[in-house]
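Read off the chains here:
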Amino acid sequence: MTAKPFSFRLIATDGAARRGEIETPHGLVRTPAFMPVGTQATVKAMYPDQVRALGSDVVLGNTYHLMLRPTAERVARLGGLHRFMNWPHTILTDSGGFQVMSLAQLRKLDETGVRFQSHIDGQKYHLTPERSIEIQGLLGSDIQMQLDECIGLPAPREEAQRAMELSLRWAERSRAQFEAMGGPAKGQGLYGIVQGGDVAELRIASARALADMPFEGYSVGGLAVGEPQDVMLKMLEITTPAMPVDKPRYLMGVGTPEDILESVTRGIDQFDCVMPTRAGRHGLAYTRYGKVNLKNARHADDPRPLDETSDCPAARDYSRAYLHHLVKAGEGLAAMLLTWNNLAYYQHLMQGMRDAIEAGTFQDFRAAVKADWV
Ligand SMILES: CNc1nc2c(CCc3ccc(C(F)(F)F)cc3)c3[nH]c(N)nc(=O)c3cc2[nH]1
């Protein structure tokens, strides 16, 4: 039997900002969407029900980590990633190339794919476009990514062009494998990934070439790799107008609350970032007034919660003094409460943006949020 096809519905626009809805085999994704990172089949320091209760429609899984441990075949034998991590909603997976280049040892990239040794036990692997799609299919991922090559910035133009053109050839091979495995009939989506470094014409060429291929969505890759924010935003101003208007756009690895506000303004629909979860584990809290570093001794006697107006218990029911104590004592509850607070803040921000775009008041919302940041 064939499942309902993957679909994207544009509900409203306000300037270049878009309010939409993606339908996948595991439910609806309200956009603009923030997708918590769940690298090793868990959003660190959070229960799945809590992640859901904050308004998360998607979590991210990682081909690189899961192919090494516990392996895609084992996850498939155990019923797939949704069953394995008890997350019955949408899962998006990355193709693994980005993580190989940033985590693996002895990596060698060529036309066929990337060869590397596991950072866990040194075992050798060869990740090709076909194998990446096979792994994402075994995991049962609802939104899959092509295998691509993401280079750092700044980079020589020739390097950006070489990697962009390789990624286009890998886009074709990823698509062929996705269709051979019956992805479309399962209602799953495969995204092409726009590359091109910080070179405008390469970005446009990449976006146009991918638009000619039948992808269910498109990622903007190759950014949030150390470039200044103005370079990233400039690349969005150039790239999103060259991308299909009726398909979701996912800006990979972004970002801070400000990055997300500015990227929604420039036509992006989906975001992922380790910031809210990683910062939570390092004593950093995101609040409507800006960031609060609870390692700082100035909080030692502060009886106030992080945000008394929040409906998240982590933000409302614990004093900064207590959170400071937990952080200094290295207590596990510190990471749990601050991760909870941070994800609540991010998802509250996303809900505010979705409502504002529907109401046609997005620019006022953006100005009001930024005014609150001290
Ligand atoms: C942080 N900056 C950044 N992250 C980037 C990422 C990773 C996104 C990702 C996806 C899943 C996970 C998971 F751990 F939750 F699974 C973690 C991170 C990219 N990924 C690909 N394929 N191409 C890119 O060009 C690219 C550019 C990226 N800039």
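In case you missed it, the structure is sitting above this.
The notes below deal with the structure included here. (Residues numbered from 1 in each chain as written. Predicted model: local features only at pLDDT ≥ 70, side-chain atom pairs only at ≥ 80, totals over all residues. Heavy atoms only, no water.)

What follows concerns the sheet that holds strand β2 (residues 17–24). Taken together, 3 strands build an open sheet; the order of strands is β1-β2-β3 and the sheet is antiparallel. Bordering the open sheet on either side are β1 (7–14) and β3 (27–31), each of which pairs with just one other strand. Mean inter-strand twist for the sheet, computed between neighbouring axes without regard to direction, equals 15°. In terms of strand pairing, β1 meets β2 through 7 bridges, oriented antiparallel. Bridging across to β2, Thr13 finds its partner in Arg18. (Pairing = 2+ DSSP bridges. Helix = DSSP H or I, 4+ residues; strand = E, 2+ residues; numbered from the N terminus. Axes fitted to C-alpha atoms, helices over the stretch in contact; angles between N-to-C directions.)

Moving on, we come to the site of the ligand. Around the ligand sit 22 residues, and of these Gly61, Asp94, Asp148, Gly222 and Leu223 come closest. Asp148 is positioned with one of its side-chain polar atoms (N or O) 2.7 Å from a nitrogen atom of the ligand. In the environment of the ligand, a nitrogen atom lies 2.8 Å from a nitrogen or oxygen atom belonging to the backbone of Leu223. Contact with the protein chains hides 90% of the accessible area of the ligand, taken as 600 Å² for the molecule alone. (Near = heavy atom within 4 Å. Polar contact = N/O pair within 3.5 Å; in protein donor to acceptor, adjacent residues only side chain to side chain. Areas by Shrake-Rupley, 256 points an atom, 1.4 Å probe, with all protein chains shown as cover.)

Tracing the sequence through the fold places Tyr318 in the loop between α12 (313–316) and α13 (320–329). With relative accessibility at 26%, the residue Tyr318 sits in the partly exposed group. Sequence separation between Tyr318 and Val37 is 281 residues, and the spatial gap between their C-alpha atoms is 25 Å. Ignoring anything within four residues of it in the chain, the contact list for Tyr318 reads Arg304, Pro305, Leu306, Pro313, Leu323 and Leu337. (Buried < 20%, exposed > 50% of the residue type's maximum accessible area, 1.4 Å probe, protein only. Contact = heavy atoms within 4.5 Å.)

We now examine the pattern of salt bridges. Taken as a whole and assessed by the stated rule, the structure comprises 26 salt bridges. In this structure, Asp57 and Arg52 form a salt bridge, with 2.8 Å as the shortest nitrogen-oxygen distance. For Asp57, a relative accessible area of 7% gives the class buried. The shortest N-O distance in the salt bridge between Arg115 and Asp110 comes to 3.8 Å. Arg115 gets classed as partly exposed once you look at its relative accessible area, which sits at 36%. Salt bridges linked by common partners bring Lys234, Glu237, Glu258, Glu262, Arg266, Arg366 and Lys370 together as one network. (Salt bridge = Lys/Arg side-chain N within 4 Å of Asp/Glu carboxyl O.)

Our next topic: α13. Those residues of α13 not exposed but buried are Arg320, Ala321, Leu323, His324, Leu326 and Val327. Contacts from the buried residues of α13 go to β16 (290–293) and α14 (332–359). Gly330 occupies a position one or two residues after α13 and carries a positive phi of about 70°.

Residues Phe362, Arg366 and Val369 constitute the buried set of helix α15 (residues 362–372). Viewed along the axis of α15, the buried residues span an arc of 70°, placing them on a single side of the element. Facing away from the buried side of α15, by more than 90 degrees, are the exposed residues Asp364 and Ala371. Packing partners of the buried residues in α15 comprise β1, β2, α10 (257–265) and α14. (Arc of directions from axis to C-beta.)

This part is about the packing of aromatic side chains. Applying the stated rule across the entire model yields 8 aromatic pairs. Their ring planes at 80° and their centres at 5.9 Å tell us that Phe215 and Tyr218 sit as a pair that is edge-to-face. Aromatic side chains Tyr318 and Tyr322 sit 6.1 Å apart centroid to centroid with 20° between the ring planes, which places their arrangement in the stacked category. Since its relative accessible area comes to 33%, Tyr322 is described here as partly exposed. Every member of this aromatic cluster is reached through a ring pair, and the members are Phe34, Tyr286, Tyr345 and Tyr346. (Phe/Tyr/Trp six-rings, centres within 6.5 Å; stacked < 30°, edge-to-face > 60°.)

Here strand β12 (residues 217–220) shows no split at all, with Gly217 and Ser219 on one side and Tyr218 and Val220 on the other all buried. Two elements, strand β11 (residues 189–194) and β12, share 4 bridges in a ladder whose sense is parallel. Across the sheet, residue Gly192 finds its bridge partner in β12, namely Tyr218. Assessed by its sense of winding, the connection that carries the chain from β11 through helix α8 (residues 200–211) to β12 is right-handed. Of the pairings in the sheet, the one linking β12 to strand β13 (residues 249–251) comprises 3 bridges and is parallel in character. By the bridge assignment, Tyr218 is partnered in β13 with Arg249. On the question of chirality, the crossover connecting β12 to the parallel β13 by way of helix α9 (residues 229–239) is right-handed. (Right-handed = clockwise from strand over helix to strand, strands pointing away.)

Before going further, it helps to spend a moment on the packing of α9 against α10. α10 packs onto α9 with a crossing angle of 25° between their chain directions and a minimal axis gap of 10 Å. When the axes of α9 and α10 are compared, the pair comes out roughly parallel. The interaxial crossing formed by α9 with α10 has right-handed handedness. Residues Gln229, Met232, Leu233 and Leu236 of α9 pack against Glu258, Asp259, Glu262 and Ser263 of α10. Class assignment for the residues of the contact of α9 with α10 results in 3 nonpolar, 2 polar and 3 charged. (Parallel < 35°, antiparallel > 145°, perpendicular 65-115°, else oblique. Left-handed = near helix turned anticlockwise from the far one by under 90°. Nonpolar A, V, L, I, M, F, W, Y, C, P; charged D, E, K, R; others polar.)

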